[in-house]
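# Summary of the model geometry
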Amino acid sequence: VQLQASGGGLVQAGGSLRLSCAASGRTFSSAAMGWFRQAPGKEREFVAAINWSGGIKYYADSVKGRFTISRDNAKNTVNLQMNDLKPEDTAVYYCAAEEAPYGLPSLRWGAYDYWGQGTLVTVSS
């Protein structure tokens, strides 16, 4: 089972990036999935999460209105569209999936069972 995150890079403040997370080895179509991030010297923090159908989405207050999480169960992928990026968004972004099917997505990183390797997002001022 593998989650592969991609799409990170260097962008100027106010710019946009789209992160993608592709799952392989099993389907996650019934699982909640989330994005977390970790900046240098800081703890991993919740960014966004989505339930199995895409009908329930949660966002951290710091990204609400700027980031959009979505999923394509047919392609076994989850995406994070990031607009109006700020220097404080600089971090390694991780996608994650829960094991339990059909549950509400958690905001706690400890609730997730599978993790991608992370993709670095750097926002310059």
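Residues numbered from 1 in each chain as written. Predicted model: local features only at pLDDT ≥ 70, side-chain atom pairs only at ≥ 80, totals over all residues. Heavy atoms only, no water.

## Some points on the environment of Tyr-94
The condition that has to hold: Runs of H or I in DSSP of at least four residues are treated as helices and runs of E of at least two as strands, each being numbered from the N terminus. Relative accessibility thresholds used throughout: buried, under 20% of the residue-type maximum; exposed, over 50%; partly exposed, between the two (1.4 Å probe, protein chains only).
Following the sequence through the fold, Tyr-94 ends up in strand S9 (residues 91-101). Judged by its relative accessible area of 15%, Tyr-94 is buried. Taking C-alpha positions, Tyr-94 is 9.7 Å from Phe-46, a pair spaced 48 residues apart along the chain.

## Here we look at the pattern of salt bridges
To be explicit about the condition: Counted as salt bridges are all cases of a side-chain nitrogen of Lys or Arg within 4 Å of a carboxyl oxygen of Asp or Glu.
Summed over the entire model, instances satisfying the criterion amount to five salt bridges. Between Glu-45 and Arg-37 there is a salt bridge, with its nearest N and O atoms 2.6 Å apart. Accessibility expressed as a relative area gives 35% for Glu-45, which makes it partly exposed. Overlapping salt bridges bring together Arg-37, Glu-45, Arg-66 and Asp-89 as one network.

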